[in-house]
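Remarks on the overall topology
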Amino acid sequence: MSVSPAGSVGSAVADTATGATGATAAAAPDVAADEAFMRLAIEAASLAKAAGEVPVGAVVVKDGQVIATGFNQPIGRHDPTAHAEIAALRAAAGALGNYRLPGCTLYVTLEPCAMCAGAMMHARLARVVFGASDPKTGACGSVVNLFSENKLNHHAELSGGVLAAECGTMLSAFFAERRSQARNGN
């Protein structure tokens, strides 16, 4: 997937999940670019769904270019760390030849968990953009906001709720189908 929407992705932005504002007030985010990149993350999530995994997808962008994608694969890989974000971070680090990803933005269809948020901090992402909030394990404001924890050494800017309805609908439909299959003995 290599799409470069018109316009550059901005850096500082209000965290729509918590109402907090990023530490530096650089350019406002390019909403059209955010939505275009989130649509690519949704496409990646559909790959997870096709593989029988929870449909979560992620895309890493640098300088307006997609450098990596990932989708959930913990079931198929027998790996509890095989979340979409981790897969995308690993691929981006490989593509750039560096475990640090300064200047990169990660787009993900579901609010990251604590494990993924920790990996994002270690990668030194500039920005994290997520679709649907996760009221059970969200670490970007729903349960906890690790990016606003002053004791931690890196704080990516957050934007939540980008194409939230589409992202949430994909997840809701997946789990509704799973519950239906369980009721029908499949």
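Residues numbered from 1 in each chain as written. Predicted model: local features only at pLDDT ≥ 70, side-chain atom pairs only at ≥ 80, totals over all residues. Heavy atoms only, no water.

Under the criterion given, the structure shown has 2 salt bridges. The residue Asp-34 makes a salt bridge to Arg-127 at a minimum N-O spacing of 2.7 Å. Of this pair, Asp-34 sits in helix H1 (residues 31-50) while Arg-127 sits in strand E4 (residues 127-132), and the two are 93 residues apart along the sequence. (Salt bridge = Lys/Arg side-chain N within 4 Å of Asp/Glu carboxyl O. Helix = DSSP H or I, 4+ residues; strand = E, 2+ residues; numbered from the N terminus.)

Turning to the nonpolar core, a few remarks are in order. Core analysis: the largest hydrophobic core is formed by 46 residues, its most contacted members being Met-38, Leu-106, Met-120, Leu-125 and Phe-147. Looking at which element gives the most residues to this core, the answer is H1, with 7 residues. Residues within four places of Phe-147 in sequence aside, it is in contact with Ala-117, Met-120, Met-121, Val-128, Ala-139, Cys-140, His-155, Ala-156 and Leu-158. (Core = buried A, V, L, I, M, F, W, Y, C linked by side-chain atoms within 4.5 Å. Buried < 20%, exposed > 50% of the residue type's maximum accessible area, 1.4 Å probe, protein only. Contact = heavy atoms within 4.5 Å.)

Turning to the pairing of strand E3 (residues 104-110), a few remarks are in order. With 7 of 7 residues buried, E3 lies mostly within the body of the structure. The pairing of E3 with E4 spans 5 bridges and is classified as parallel. Counted as the bridge partner of Thr-105 is Arg-127 from E4. Handedness of the β-α-β unit built from E3, helix H4 (residues 114-123) and E4 comes out right-handed. (Pairing = 2+ DSSP bridges. Right-handed = clockwise from strand over helix to strand, strands pointing away.)

A word on the sheet that holds E4. In a beta sheet, neighbouring strands pair by backbone hydrogen bonds and run either parallel or antiparallel. Sheet architecture is open: 5 strands sit in the order E2-E1-E3-E4-E5, paired in mixed fashion. Because the sheet does not close on itself, it has two edges, and the strands there are strand E2 (65-71) and strand E5 (157-160). When strand polarity is set aside, the average angle formed by the axes of neighbouring strands in this sheet is 15 degrees. (Axes fitted to C-alpha atoms, helices over the stretch in contact; angles between N-to-C directions.)

Position of Arg-39 relative to the elements: it lies in helix H1. Taking C-alpha positions, Arg-39 is 9.2 Å from Glu-166, a pair spaced 127 residues apart along the chain. Residue contacts for Arg-39: discarding those within four places in its chain leaves Leu-163 and Glu-166.

Scanning all chains against the criterion turns up 2 aromatic pairs. Aromatic pair Phe-37 and Tyr-107: ring centres 5.3 Å apart, planes at 40 degrees, arrangement tilted. Here Phe-37 is found in helix H1, whereas its partner Tyr-107 is found in strand E3, with 70 residues between them in sequence. Accessibility expressed as a relative area gives 0% for Tyr-107, which makes it buried. Ring plane angle 80 degrees and centroid distance 5.2 Å describe the contact between Phe-174 and Phe-175, whose orientation is recorded as edge-to-face. Residue class for Phe-175 comes out partly exposed when judged on its relative accessible area of 36%. (Phe/Tyr/Trp six-rings, centres within 6.5 Å; stacked < 30°, edge-to-face > 60°.)

With that out of the way, let us pick up the packing of helix H3 (residues 84-96) against H4. With their axes 9 Å apart at the nearest point, H3 and H4 run at an angle of 20 degrees to one another. With respect to each other, H3 and H4 are oriented roughly parallel. Two packed elements cross with a definite hand, and for H3 against H4 that hand is left-handed. Between H3, through Glu-85, Ile-86 and Leu-89, and H4, the contact on the second element is made entirely by Met-115, Cys-116, Ala-119, Met-120 and Ala-123. Among the residues forming the contact of H3 with H4, the class breakdown is 7 nonpolar, no polar and 1 charged. (Parallel < 35°, antiparallel > 145°, perpendicular 65-115°, else oblique. Left-handed = near helix turned anticlockwise from the far one by under 90°. Nonpolar A, V, L, I, M, F, W, Y, C, P; charged D, E, K, R; others polar.)

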